[in-house]
Amino acid sequence: MEFQGIGSKFTAASVEALAVVVFKDDNANDGILKELDALTGGQVADTIKAKEINGGQGETALIRFSAKGVKATRLLLVGCGERDKYKASSVAIASGTAARTLRKLNLKSFAFDARIDGDAVEIAQNAVQGVITSQFELDKYKTKDKNTKSLSKFVVHVDGGKPADLKKGVERGQIIGDSMNFARELANEPPNILHPTEMAKRAQAMAKEAGLKCEVLDEAKMEKLGMGSLISVTKGSEQPAKLIVLRYTPAKSTAKKGDVIGLVGKGITFDTGGISLKPGEGMDAMKYDMSGGATTLAAMRAIGLLKPSVPVIGVVAAVENMPDGKASRPSDVVTAMNGKTIEILNTDAEGRLILADAVAYAEKQGANRIIDMATLTGAVIIALGGHNTGIMGNDQELVDELISIGKETGEGFWQLPLGPEYSKDIRSDIADIKNIGPRGKAGTIMGAVFIQEFVDKAKWAHLDIAGTAWHDGVRPHQAKGPTGVAVRTLVKFVEKSQ
Ligand code: BES
Ligand code: ZN
Ligand code: ZN
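As the structure is a computational prediction, the values presented were derived from the model and not from experiment.

Cut-offs and rules
Residues numbered from 1 in each chain as written. Chains lettered and ligands numbered in written order. Predicted model: local features only at pLDDT ≥ 70, side-chain atom pairs only at ≥ 80, totals over all residues. Heavy atoms only, no water. 1 Å grid on protein atoms, 1.4 Å probe; cavity = no way out; pocket = protein on both sides within 12 Å on 5 of 7 lines; lining within 4 Å. Points joined across faces, edges and corners; volume = space filled by probe spheres on them. Nonpolar A, V, L, I, M, F, W, Y, C, P; charged D, E, K, R; others polar. Buried < 20%, exposed > 50% of the residue type's maximum accessible area, 1.4 Å probe, protein only. Helix = DSSP H or I, 4+ residues; strand = E, 2+ residues; numbered from the N terminus. Pairing = 2+ DSSP bridges. Donors = N, O, S within 2.8 Å, 3.2 Å for Na, K, Ca; no water. Near = heavy atom within 4 Å. Polar contact = N/O pair within 3.5 Å; in protein donor to acceptor, adjacent residues only side chain to side chain. Areas by Shrake-Rupley, 256 points an atom, 1.4 Å probe, with all protein chains shown as cover. Domains from an automatic or database assignment. Contact = heavy atoms within 4.5 Å. Buried area = accessible area lost by both parts, 1.4 Å probe. Salt bridge = Lys/Arg side-chain N within 4 Å of Asp/Glu carboxyl O. Tetrahedral: all angles 85-135°; square planar, octahedral: opposite > 155°, others 65-115°. Phe/Tyr/Trp six-rings, centres within 6.5 Å; stacked < 30°, edge-to-face > 60°. Axes fitted to C-alpha atoms, helices over the stretch in contact; angles between N-to-C directions. Left-handed = near helix turned anticlockwise from the far one by under 90°. Core = buried A, V, L, I, M, F, W, Y, C linked by side-chain atoms within 4.5 Å.

Colleague: Can you break down empty space enclosed by the protein residue by residue, with the values?
Modeller: For the coordinates displayed, the defined rule picks out two cavities of 30 Å³ or more. Looking at the largest cavity, its volume works out to about 70 Å³. Lining the largest cavity are 13 residues, and of these Ser232, Val233, Asn321, Ser328 and Thr347 lie nearest its centre. Along the lines of polarity and charge, the residues of the lining of the largest cavity split into six nonpolar, six polar and one charged. Space inside the second largest cavity adds up to approximately 50 Å³. Taken together, Ala183, Arg184, Ala187, Ser291, Ala294, Thr295, Ala469, Pro482, Thr483, Gly484 and Val485 form the lining of the second largest cavity. When its residues are assigned to classes, the lining of the second largest cavity shows six nonpolar, four polar and one charged.

Written out as structure tokens, the structure is:
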């Protein structure tokens, strides 16, 4: 697909359709909308007046027209809600909605005006990312009823945008959009295909493409490092666990000496619960239990291609959680890499067990600001649903920064508290800690305080993406399924650390 940014002559773009944003209580008498109204013989005003579109989020209306000197013969109005709530990150939703709607109508090319003032790089980036992520579909394994329609050209118009800024924005949008889709594709893979070995293979191929160093640690190496916590989870699986380690080193670093960002992901390629077996109903959803790992790989991909001036290390613990004769039992005691002993009371609380060693490893490799991502608890879905990722950490500044960046990228993060009173709840009778807290109490926090035990001096934040990594229904701008959550926020976080 071809992407282009233009700073003038929106209506002259060589495309089949134009698309423009309309707001609630919009009228057709300002700026570009007025121009388009004139071009279509008053149809924009008529369409709004007839309430064919009210400007609500996700609404669309198509106008057919023919005007001299204009190649496009369709105008799509895209509802974006209230004007004062519309921001740069809304642009991706608008362009994505337009792209899905026009593709369905079998149109191949369109030009888009987001009707927003601001940084041309950011606007073009969001518009392009929105189009790319809107085209992702779940039909990889279908032999029939596959989506066969596709767009071939997208033009984003930012009035007065300089060519260099537009080019940069388009490139950035492609990198971030493709990286998000990379995460989504991994999350959607069935677990018989995407086992830990395959996840490591895909990470290696990605690293080559993105100019990252990639090292894959096998079980023998992990045993040697003393990762008894991680290893305990893979015991019941025929699939060997892999610890994927990606390194991005900038050509010229502007980071303070010794500063390294660590991104760590839970890569459970399938979570049966182990001996603490999950109920059959809905277990299929647990193929997405590697979404934190996928987010880590995707963010590292974007970082490798965007080349910020700070070093970043990515660590993904890729493991399958299965029950069998060799599997961990509830009441087993294991020793993690940092020497702490863990009483495993529930083998279904396995994410924290693999993250314990992965986080400790990231710190040992030099990371002094660590962000881990995990579909860690069902409890976070009960607390926050699908609209906010749970965030917790040992450093308020780091947590605040991620929340604030999330507001810019359109990704919600909601903080839950940690503290010694919660940490007490995971003290074990016979070992240092146990992997679950009291039944039915603060499940998401219990996961976080457990991981905290394996962070030494680093600043650390934990993102529980169990509710946000998968969306059950289709949305106007997005297919149902994996969302690629947190990739945009992590990339921005790294870039802001430059
Ligand atoms: N992968 C699950 C978390 C999960 C559960 C995500 C349901 C989405 C939907 C995790 O490994 C898990 O099973 N957590 C347990 C922890 C419990 C045993 C303390 C949970 O949340 O039930
Ligand atoms: Zn589990
Ligand atoms: Zn899990």
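Colleague: Could you give me a rundown of the pairing of strand 6 (residues 153-157), with the residues and numbers involved?
Modeller: Most of strand 6 sits inside the fold, with five of its five residues counted as buried. Bridge count between strand 1 (residues 2-6) and strand 6: five bridges; the pairing is parallel. Of the residues in strand 6, the one forming a bridge with Phe3 is Phe154. Where strand 5 (residues 109-113) lies against strand 6, five bridges are found, and the strand directions are parallel. Across the sheet, the residue bridging to Phe110 is Phe154, located in strand 6.

Colleague: So what about the coordination of the zinc ion (ligand 3)? Which residues, and what values?
Modeller: The protein atoms donating to the zinc ion (ligand 3) are Lys266 (NZ), Asp271 (OD), Asp289 (OD) and Glu350 (OE), with metal-donor distances spanning 2.0 to 2.4 Å. The sequence pattern describing where the donors of the zinc ion (ligand 3) fall on their chain is K-x4-D-x17-D-x60-E. Taken as a pair, the zinc ion (ligand 3) and the zinc ion (ligand 2) show a spacing of 3.2 Å, with Asp271 coordinating each metal. You can see Asp289 sitting in the loop between strand 9 (261-271) and helix 9 (291-306) and its partner Glu350 sitting in the loop between strand 12 (341-344) and helix 10 (351-364), a full 61 residues away along the chain. Note on accessibility: Asp289 and Glu350 belong to one class, buried.

Colleague: Can you tell me about the site of ligand 1, naming the residues and giving the values?
Modeller: Taken together, 17 residues are adjacent to ligand 1, and Lys278, Asp289, Asp348, Glu350 and Gly378 come closest. At a separation of 3.2 Å, an oxygen atom of ligand 1 approaches a polar side-chain atom of Lys266. A distance of 2.9 Å is found between an oxygen atom of ligand 1 and a side-chain nitrogen or oxygen belonging to Asp271. Summarising the interface, the protein chains cover 76% of the accessible area of ligand 1, which totals 510 Å² for the free molecule.

Colleague: Got a sec to walk through the domain arrangement of the chain? Specific residues and values, please.
Modeller: Segmentation of the chain into domains returns domain 1 (2-141 + 149-179) and domain 2 (194-496). One C-alpha centre belongs to domain 1, the other to domain 2, and the line joining them spans 36 Å. Listed as interface residues are 19 residues of domain 1 and, on the opposing side, 23 residues of domain 2. A combined buried area of about 1,600 Å² lies between domain 1 and domain 2, and 58% of that area is made up of carbon and sulfur atoms. Inspection of the region where domain 1 meets domain 2 yields two salt bridges. Between Lys492 and Glu122 there is a salt bridge, and its shortest N-O distance comes to 3.5 Å. Inspection of the region where domain 1 meets domain 2 yields five residue pairs in polar contact (both at pLDDT 80 or more). Those elements giving two or more residues to the side of domain 1 that touches domain 2 turn out to be helix 3 (88-104), helix 4 (120-134) and helix 5 (163-188). Of the residues in the side of domain 1 that touches domain 2, the class split is five nonpolar, seven polar and seven charged.

Colleague: Tell me what's going on with the coordination of the zinc ion (ligand 2), and back it up with residues and numbers.
Modeller: Geometry reference: four tetrahedral donors at a metal, ideal angle 109.5 degrees. Six octahedral donors, ideal angles 90 or 180 degrees. Protein-derived coordination of the zinc ion (ligand 2) comes from Asp271 (OD), Asp348 (O), Asp348 (OD) and Glu350 (OE), at a distance range of 2.0 to 2.2 Å. If you look at the zinc ion (ligand 2), its six donor atoms make angles of 71 to 168° with each other, and the shape they trace is irregular. For the zinc ion (ligand 2), the donor residues sit on a single chain with the sequence spacing D-x76-D-x1-E.

Colleague: Talk me through the packing of aromatic side chains; I want residue IDs and the actual numbers.
Modeller: The geometry of an aromatic ring pair is captured by the separation of the ring centres together with the interplanar angle, meaning the angle of the planes. A complete count under the given rule lists six aromatic pairs for this structure. Seen in terms of ring centroids, Phe110 and Phe154 are 5.0 Å apart; in terms of plane orientation they differ by 55°. Their pairing is tilted. Placement of Phe110 in strand 5 and of Phe154 in strand 6 is noted, with a sequence separation of 44 residues between them. For Phe110, a relative accessible area of 0% translates into the label buried. Site record: aromatic cluster; members linked through ring pairs are Phe3, Phe110, Phe112 and Phe154.

Colleague: So what about the pattern of salt bridges? Which residues, and what values?
Modeller: Inspection of every chain in the model, using the stated rule, returns 26 salt bridges. The residue Arg202 makes a salt bridge to Glu189 at a minimum N-O spacing of 2.9 Å. In this pair, Arg202 is assigned in helix 6 (residues 196-210) and Glu189 in the loop between helix 5 and helix 6, connecting sequence segments 13 residues apart. One exposure class covers both Arg202 and Glu189, and it is buried. The residue Glu401 makes a salt bridge to Arg369 at a minimum N-O spacing of 4.0 Å.

Colleague: Please give an account of the sheet that holds strand 7 (residues 213-217) that cites residues and values.
Modeller: Strand order in this open sheet of eight strands is 7-8-10-9-13-17-14-15, and the pairing throughout is mixed. Strand pairing shows two members of the sheet lacking a second neighbour, strand 7 and strand 15 (413-415), which therefore form its edges. The average angle at which neighbouring strand axes cross in this sheet is 20°, direction not considered. As paired elements, strand 13 (residues 369-374) and strand 17 (residues 459-464) share six bridges and run parallel to each other.

Colleague: Explain the packing of helix 4 against helix 5 to me, using residue names and the numbers behind them.
Modeller: The N-to-C vectors of helix 4 and helix 5 enclose an angle of 35°; their axes lie 7 Å apart at closest approach. In this structure, helix 4 meets helix 5 at a crossing whose hand is right-handed. Split by residue class, the contact of helix 4 with helix 5 holds nine nonpolar, eight polar and five charged.

Colleague: Can you break down the nonpolar core residue by residue, with the values?
Modeller: Formed by 60 residues in total, the largest nonpolar core has its most connected members in Ile244, Leu263 and Leu297. When sequence neighbours within four positions are dropped, the list of residues in contact with Leu263 reads Thr296, Ala299, Met300, Ile303, Val312, Ile313, Gly314, Val315, Ile371, Met373 and Leu490. Counting residues in each nonpolar core, the second largest holds 49 residues, with Met222, Ala241, Ala358 and Ala374 among its members.

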